Amino acid sequence: MEYIFLIIILIFSVVIHEVSHGAMAYYLGDPTAKYAGRLTLNPLKHLDPVGSVILPIFLIAMARLTGGGIIFGWAKPVPINPYNFRDQKYGELKVSLAGPGANLTIAVFFGLLLRFLPLSFSFSGLVLMFSYIVYINLLLAIFNLLPIPPLDGSHILFTFLPPSMLKTKIFLQQFGFIILLFIIFFLFPWIIFIINVIFSLITGFSLPV
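Residues numbered from 1 in each chain as written. Predicted model: local features only at pLDDT ≥ 70, side-chain atom pairs only at ≥ 80, totals over all residues. Heavy atoms only, no water.

Draft legend 1. Inspection of helix α6 (residues 152-160) at higher detail. Every buried residue belonging to α6 is among D152, G153, S154, I156 and F158, and all of these are buried. For α6, the elements touching its buried residues are α1 (2-27), α4 (91-116), α5 (124-144) and α7 (166-203). (Buried < 20%, exposed > 50% of the residue type's maximum accessible area, 1.4 Å probe, protein only. Helix = DSSP H or I, 4+ residues; strand = E, 2+ residues; numbered from the N terminus. Contact = heavy atoms within 4.5 Å.)

Draft legend 2. Layout of the side chain of N103. Within the fold, N103 resides in helix α4. Among all residues touching N103, those that are not within four sequence positions of it are S13, H17, N137, L140 and A141.

Draft legend 3. Structural context of a nonpolar patch on the surface. A cluster of nonpolar side chains, contributed by F177, L181, F182, F185, F186, L187, W190, F193, I194, V197 and L201, occupies part of the molecular surface with about 1,200 Å² of accessible area. Turning to its location among the elements, L181 is positioned in helix α7. (Patch = residues over 30% accessible without salt bridge, like charges linked within 9 Å, V, L, I, M, F, W, Y side chains within 5 Å. Areas by Shrake-Rupley, 256 points an atom, 1.4 Å probe, with all protein chains shown as cover. Salt bridge = Lys/Arg side-chain N within 4 Å of Asp/Glu carboxyl O.)

Draft legend 4. Structural detail: the packing of α4 against α5. Interhelical geometry of α4 versus α5 gives an angle of 150° and a closest axis separation of 8 Å. As judged from the angle between their axes, α4 and α5 are roughly antiparallel. Between α4 and α5 lies a crossing of left-handed hand. Along its contact with α4, which presents P100, N103, L104, I106, A107, F110, G111, L113 and L114, the element α5 presents V127, F130, S131, I133, V134, N137, L138, L140, A141 and N144. Partitioned by chemical class, the residues of the contact of α4 with α5 number 14 nonpolar, five polar and no charged. (Axes fitted to C-alpha atoms, helices over the stretch in contact; angles between N-to-C directions. Parallel < 35°, antiparallel > 145°, perpendicular 65-115°, else oblique. Left-handed = near helix turned anticlockwise from the far one by under 90°. Nonpolar A, V, L, I, M, F, W, Y, C, P; charged D, E, K, R; others polar.)

Draft legend 5. Summary view of the pattern of salt bridges. Per the counting criterion, the structure on display carries one salt bridge. Of the charged contacts in the structure, one is a salt bridge between K94 and D87, with a shortest N-O distance of 2.8 Å. By relative accessible area, which is 19% here, D87 ends up buried.

Draft legend 6. Here's a closer look at the environment of G91. Here G91 shows up in helix α4. Owing to a relative accessible area of 0%, G91 belongs among the buried residues under this scheme. Put simply, G91 and A25 are 66 residues apart on the chain and 7.8 Å apart in space, counted from C-alpha to C-alpha.

Draft legend 7. Structural view of the packing of aromatic side chains. Across all of its chains, the model carries eight aromatic pairs by this definition. Considering the side-chain rings of F171 and F175, the 5.1 Å spacing of their centres and the 45° angle between planes classify their relative orientation as tilted. Taken together, the positions of F171 and F175, both in helix α7 and four residues apart, correspond to about one turn of that helix. Given the relative accessible area of 43%, F171 is considered partly exposed. By relative accessible area, F175 is classed as partly exposed at 35%. A ring pair is formed by F182 and F186, whose centres lie 5.0 Å apart and whose planes are at 40°; its orientation type is tilted. Of this pair, F182 and F186 both sit in helix α7, four residues apart, which is roughly one turn of that helix. Three or more aromatic residues link up through ring pairs in this structure, and these residues are F109, F110 and F130. (Phe/Tyr/Trp six-rings, centres within 6.5 Å; stacked < 30°, edge-to-face > 60°.)

Here you go:
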């Protein structure tokens, strides 16, 4: 049941992430996501067969067999057309921040519940549930803020990158996926360390093992 709940949390967290992108784009004047039927929390509209189902199940199975590992996934990207934005200068920045911002908001909300609800530790199941919600949403927020294409952080970086650094932008666009794989395989423990620190700062305790 614990692993099923993990998948459910992950799916709804990535769905909220993508809907937030689309909602911000719509707020800025782009109806593309609305016309595509993606401004909904119905997970069936957002599920990616590989990123939302196969990969999470595989990673959870491997974690159960090996006693540890990362749990990750994604939904289908929400379609947007930045040429429709009223704010042409910072529109993409705002849309890119909306997804991680939503995940961070969820993490802080449930983290503060864990920190300040006096009866929360009387219900170990509730504590574990909220802890997973906080952790997964922190993971999605922090990971997506990495300034590597195609993650949200790359759009944030490109917004402020001066024209003189065009070659840097082209390099990242060409080799972003390779850099991302390197980070996942070799630097991910550092990302986990950062997430654990933030988790402790929000909730007031270390993540249950």
